[in-house]
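So the chains spell out like this:
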Amino acid sequence: MRRIINSTYITLDGVIENPTWTMPYFDDEAAAFAGTQTDAADALLLGRKTYEGFASAWPTRDESDPSTGAAYFNNVKKWVASTTLTNPEWKNSEVLQGDVIEAVTKLKAAEGGDILMYGYGVLTDTLVKAGLVDEVRFWIHPVFVGGSSVSAPLADARTTLTLADTKVMKSGVIIATYTPAAAG
């Protein structure tokens, strides 16, 4: 069974949108960890907003430069959970059809590597509550940027997770990895 891994960059004040603030912290150590994630994942699962942000940014990056990650993001299989997007134009993108829980359950049961998600919003919250997300990795950046916290208001977002691992980078970024807490 495939694993679903959520990887979310977040500031100390809870901002995850438009993560250009990560650039001063994305050093060789962060690149190595990010590369480990993408090496293990042969697919992305994205909500519509994250898809639109990625689809407008990644195709403009140089795929011949391995440090950009563009070759991976532009060519990997991408599934998009959306009720409004019908014809995704970014290479290897497909909109999930029908009930998102059923569709993701089928993806997870299929053969393949990890399925990587970015950003913690309504889709991740829904999948965590359904027991479909195996790990949530918060890349906590030592910066306050101001603005709205978390990308979308999450109604009844109460979820308990268990700390599985921490990695403290020289840059001050902490990657806190959580797994869903056992029910009961």
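Oppositely charged side chains can pair when the atoms bearing their charge come close. Within this structure, the stated rule accounts for 9 salt bridges. Between D114 and R3 there is a salt bridge; the shortest N-O distance is 2.9 Å. Pair noted here: D114 is in strand β5 (residues 114-118) and R3 is in the segment before β1 (4-11), with a separation of 111 residues, a long-range link. The class for D114 is buried, based on a relative accessible area of 12%. Three or more residues are tied together by salt bridges with common partners; here these are R3, D114, E135 and R137.

Before going further, it helps to spend a moment on the environment of T84. With respect to the secondary-structure elements, T84 resides in the loop between β3 (77-81) and β4 (93-95). Residue T84 is classed as exposed on the basis of its relative accessible area of 56%. Sequence separation between T84 and Y51 is 33 residues, and the spatial gap between their C-alpha atoms is 12 Å. Within polar-contact distance, the side chain of T84 engages the side chain of R48 at 3.3 Å.

One ladder, built from 5 bridges, connects strand β6 (residues 135-141) with strand β8 (residues 174-180); its direction is antiparallel. Its bridge partner lying in β8, W139 is registered against I175. Here strand β7 (residues 161-168) pairs with β8 via 7 bridges, running antiparallel. Looking at β8, one finds that V168 is bridged to I174. Where β7 folds back onto β8 in an antiparallel hairpin, the turn is made up of 5 residues, including G172, whose phi is positive at roughly 100 degrees.

The rules behind these values
- Residues numbered from 1 in each chain as written.
- Predicted model: local features only at pLDDT ≥ 70, side-chain atom pairs only at ≥ 80, totals over all residues.
- Heavy atoms only, no water.
- Salt bridge = Lys/Arg side-chain N within 4 Å of Asp/Glu carboxyl O.
- Helix = DSSP H or I, 4+ residues; strand = E, 2+ residues; numbered from the N terminus.
- Buried < 20%, exposed > 50% of the residue type's maximum accessible area, 1.4 Å probe, protein only.
- Polar contact = N/O pair within 3.5 Å; in protein donor to acceptor, adjacent residues only side chain to side chain.
- Pairing = 2+ DSSP bridges.

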